[in-house]
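If you want the building blocks of each chain, they are given just below.
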There are 2 protein chains.
Amino acid sequence: MKEGPDIAQIGALIGDPARANMLAALTGGRALTATELAGVGGITVQTASTHLAKLEAGGLLAQRKQGRHRYFTLADEAAARLIESMMGFAAGRGHLRHRPGPKEPALRKARICYDHLAGDYGVRMLDSLISSGSIDAVGDGLALTEKGESDLKCIGIDVGALRSSRRPLCRSCLDWSERRAHLAGSLGKALLASFLDKGWARRAAESRSILFSPEGDRQFLKLFPLETN
Amino acid sequence: MKEGPDIAQIGALIGDPARANMLAALTGGRALTATELAGVGGITVQTASTHLAKLEAGGLLAQRKQGRHRYFTLADEAAARLIESMMGFAAGRGHLRHRPGPKEPALRKARICYDHLAGDYGVRMLDSLISSGSIDAVGDGLALTEKGESDLKCIGIDVGALRSSRRPLCRSCLDWSERRAHLAGSLGKALLASFLDKGWARRAAESRSILFSPEGDRQFLKLFPLETN
DNA sequence: TTCATACTTCGATCGTAACCGAAGCATCGC
DNA sequence: GCGATGCTTCGGTTACGATCGAAGTATGAA
């Protein structure tokens, strides 16, 4: 009864709607100020301030002071992963905040999930990488093959550099809209970064959507074809 | 702001101490009655009843009516995984319900985690399987090798039968006491079952400890030697 | 049938925490 | 220096939900 870690504390932390909204917004990967977070939480700045203090004390958020602003992000990848897995679970149980259906088509097509590509395009990318033999889906995990490493080099991704970070290279992340896996980890991050870098796509200003240009769209679909069998 | 799954609901569900205690108890894998769960939650049966109804409605619990008893278990593996990952996160942040330290040595040595072996012995088993080449730790996942499959057959585990279930064969599960991975999935379950079956170990009556007999201990340590380099 | 056990529902109480207005700091631009 | 902006702290209100006693339903035993 009093053995083990206290899941009630973080449960309660995430369990408040205002805090949950803020955390979900930070899943976008972008650092947000206290005032912005108050907006997404639908509360005043005073209230947001106390919420943010609690979330930070609980190890879910990190803050960076910059001038008179205070930028908040998810504390680390573990925190992001926790929020993601809760989203996956909630989506699987039909705990949706809005009436289901393709309410936000852009968001379902492509959006950012902490720092990598999610949505329809995210799922397609992983599927394509697997069917082309660039990534092995082995057991419950993902692993980059030698072919994958050389293929990625061709589109300007230096896998060696990614490997040196302590963060796992490939990780699968369950998508709440597609209910299927997409690619996370440092490779997922690097791929999205390269799309943005190439000008294929850009982040929407207010939402978590990733907007592909017509040309970027064409290139992406060509680079990651669907297995048609 | 109102896009995506509602993590606040399940957060709140887990966020109540009484409910969290019940969920943690059910991590033991054993089905418990409403009255027993009231005990672990430290509340009366009436209160427990309303809590359990909420947890069931939230998709975290399943119940099976048997005579005048009502047995509760975690709804499925997804629910168990969610609780486990929250425990892992909470442990990593020092959210412990008791003063740290080796308070419950038996529990740290070997305990059940939903349906597989955790604790020091669980970690040791996975480490040994990896270093002997029975399991490949590839990417962030685990995969059984051919050598592993034949080795397991020798100790009476039919991998083919396990494969036919929809549940993943190998899954890594983060341990809150060891802060390292151990083996979950249907293989993890089968291994623990075989230890119990062979009489090497038995479940403690009231806690989640797995108690090894002197002989079982000897066999286990011989079967899963530590890499000493 | 009658009694006992396991559990649920109802009704009322009570504590905690979310909330906001107002005031207090800190930082920036001027 | 001054005012404006971003954020925190304080105090008091309010609402929600956890809690339990009491009564109600279902199952089993005698």
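Residues numbered from 1 in each chain as written. Chains lettered and ligands numbered in written order. Predicted model: local features only at pLDDT ≥ 70, side-chain atom pairs only at ≥ 80, totals over all residues. Heavy atoms only, no water.

Here's the deal with the overall build of chain A
To keep things clear, this is the line we draw: Strands here mean DSSP runs of E at least two residues long; helices mean DSSP runs of H or I at least four residues long; both are numbered from the N terminus. We compute the radius of gyration over the C-alpha atoms and compare it with the globule rule, which gives 2.2 Å times the number of residues raised to the power 0.38. The contact definition used throughout considers only heavy atoms, calling two residues in contact when any of these lie within 4.5 Å. Areas reported here follow the Shrake-Rupley algorithm with a probe of radius 1.4 Å; residue values treat only the protein chains shown as occluding. Positive charges come from Lys and Arg alone, negative charges from Asp and Glu alone, with His and the N- and C-terminal ends not counted. Where a charge sits is defined by one atom per residue type, namely NZ (Lys), CZ (Arg), CG (Asp) or CD (Glu).
Each helix and strand in chain A was counted, giving eleven helices and eleven strands. For 229 residues, the compact-globule formula gives about 17 Å, and the C-alpha radius of gyration of chain A, at 18 Å, lands near that figure. Here the C-alpha coordinates of chain A stretch approximately 50 × 45 × 40 Å along the principal axes. Considering only residue pairs separated by 6 or more positions, chain A has 56% of its internal contacts joining residues 24 or more positions apart. Total accessible area on chain A stands at roughly 10500 Å², and carbon and sulfur atoms take up 52% of it. Separation of charge centres in chain A, based on 32 positive and 25 negative side chains, amounts to 6 Å.

A short note on the nonpolar core
Condition: Grouping buried Ala, Val, Leu, Ile, Met, Phe, Trp, Tyr and Cys residues that are joined through side-chain atoms within 4.5 Å yields what is termed a nonpolar core. Accessibility here uses a 1.4 Å probe with only protein chains present; expressed as a share of the type maximum, an area under 20% marks a residue as buried, one over 50% as exposed, and anything in between as partly exposed.
Leu 60 of chain A together with Leu 60 of chain B are the most contacted members of the largest nonpolar core, which totals 62 residues. When near neighbours in sequence (up to four residues on either side) are disregarded, Leu 60 of chain A contacts Leu 13, Ile 14, Leu 23, Leu 55, Thr 73, Leu 74, Ala 75, Ala 79 and Leu 82 of chain A together with Phe 89 of chain B.

So, the environment of Ala 80 of chain A
Residue placement: Ala 80 of chain A occurs in helix α5 (residues 77-92). Setting aside its immediate chain neighbours within four residues, Ala 80 of chain A contacts Leu 74 and Tyr 114 of chain A.

With respect to the packing of helix α7 (residues 120-131) of chain A against helix α11 (residues 214-223) of chain A
What counts is decided by this rule: Note on geometry: axes are C-alpha line fits, over the in-contact stretch for helices, and angles between N-to-C directions span 0 to 180 degrees.
At a closest axis distance of 10 Å, the pairing of α7 of chain A and α11 of chain A adopts a crossing angle of 35°. Between α7 of chain A, through Tyr 121, Arg 124, Met 125 and Ser 128 of chain A, and α11 of chain A, the contact on the second element is made entirely by Asp 217, Phe 220, Leu 221 and Leu 223 of chain A.

Considering the protein's contact with DNA strand C
Note the threshold: Being near a molecule or strand, for a residue, comes down to having at least one heavy atom within 4 Å of it. Polar contacts, as counted here, are pairs of nitrogen or oxygen atoms within 3.5 Å of one another; within protein the pair requires one atom able to donate a hydrogen and one able to accept it, and residues that are adjacent in sequence qualify only if both atoms are side-chain atoms.
Residues in close proximity to DNA strand C total 21 residues, the closest being Gln 46, His 51 and Lys 54 of chain A together with Thr 35 and Ser 49 of chain B. Among the atoms of DNA strand C close to the protein, meaning within 4 Å, 72% are from sugar or phosphate groups. The contact in question runs from a phosphate oxygen of DNA strand C to an N or O atom on the side chain of His 51 of chain A, over 2.6 Å. Residue assignment for the surface near DNA strand C shows that the elements contributing at least two residues are α2 (17-26) and α4 (45-57) of chain A together with α3 (34-41), α4 (45-57) and β3 (69-74) of chain B.

Here we look at empty space enclosed by the protein
The line we're drawing: Here a cavity denotes grid points, spaced 1 Å and computed from the protein atoms alone, that fit a 1.4 Å probe unable to get out, and a pocket denotes an open set having protein on both sides within 12 Å along at least 5 of 7 lines; residues with an atom within 4 Å of a point are the lining. Grid points are joined across faces, edges and corners, and a volume is the space filled by probe spheres set on the points. Classification convention: Asp, Glu, Lys, Arg as charged; Ala, Val, Leu, Ile, Met, Phe, Trp, Tyr, Cys, Pro as nonpolar; all other residues, Gly among them, as polar.
Counted by the stated rule, this structure contains three cavities of 30 Å³ or more. Its boundaries defined by the atoms lining it, the largest cavity holds a volume of some 70 Å³. Looking at the lining of the largest cavity, the elements that each hand over two or more residues are α5 (77-92), β4 (111-113) and β8 (171-174) of chain B. Examining the composition of the lining of the largest cavity, we find that three residues originate from one element, α5 of chain B, more than from any other. Looking at the lining of the largest cavity residue by residue, the class counts come to six nonpolar, three polar and four charged. By volume, the second largest cavity is sized at about 50 Å³. Put simply, the parts of the chain that give the lining of the second largest cavity at least two residues each are α5 and β4 (111-113) of chain A. The element that contributes the greatest number of residues to the lining of the second largest cavity is α5 of chain A, accounting for three residues.

Points about the sheet that holds strand β1 (residues 32-33) of chain A
All names here are of chain A. Put simply, the test is: For two strands to pair, DSSP has to find at least two bridges joining them.
Read from one edge of the open sheet, three strands run β1-β3-β2, paired in antiparallel fashion. Looking at the sheet topology across the chains shown, the edges are occupied by β1 and β2 (61-66). Relative to strand β3 (residues 69-74), β2 is paired through six bridges, and the arrangement is antiparallel. Counted as the bridge partner of Ala 62 is Thr 73 from β3.

With respect to the protein's contact with DNA strand D
Near DNA strand D there are 21 residues, and of these Thr 35 and Ser 49 of chain A together with Gln 46, His 51 and Lys 54 of chain B occur at the shortest range. Counting only the atoms of DNA strand D that lie within 4 Å of the protein, the sugar and phosphate share comes to 75%. Within the contact set of DNA strand D, a phosphate oxygen lies 2.9 Å away from a side-chain nitrogen or oxygen of Thr 47 of chain B. One of the side-chain nitrogen or oxygen atoms of His 51 of chain B is found 2.5 Å away from a phosphate oxygen of DNA strand D. Put simply, the parts of the chain that give the surface near DNA strand D at least two residues each are α3 (34-41), α4 and β3 of chain A together with α2 (17-26) and α4 of chain B. The leading source of residues in the surface near DNA strand D is α4 of chain B, at four residues. Each residue belonging to the surface near DNA strand D can be placed in one class, and the counts come to four nonpolar, ten polar and seven charged.

Things to note about the domain arrangement of chain A
Residues and elements named next belong to chain A. Definition in use: Where a domain begins and ends is set by an automatic assignment or by a domain database. Here a salt bridge means any side-chain nitrogen of Lys or Arg lying within 4 Å of a carboxyl oxygen belonging to Asp or Glu.
Domains assigned within chain A are domain 1 (7-75) and domain 2 (103-223). Spacing between the C-alpha centres of domain 1 and domain 2 amounts to 27 Å. Across the contact surface, domain 1 and domain 2 share zero salt bridges. Among the residues forming the side of domain 1 that touches domain 2, the class breakdown is three nonpolar, three polar and one charged.

Concerning unusual backbone geometry
Residues and elements named next belong to chain A. Even without glycine at this site, Tyr 114 takes up a positive phi of about 70°. Within the fold, Tyr 114 resides in the loop between β4 and β5 (116-118). The class of Tyr 114 is buried, set by a relative accessible area of 18%.

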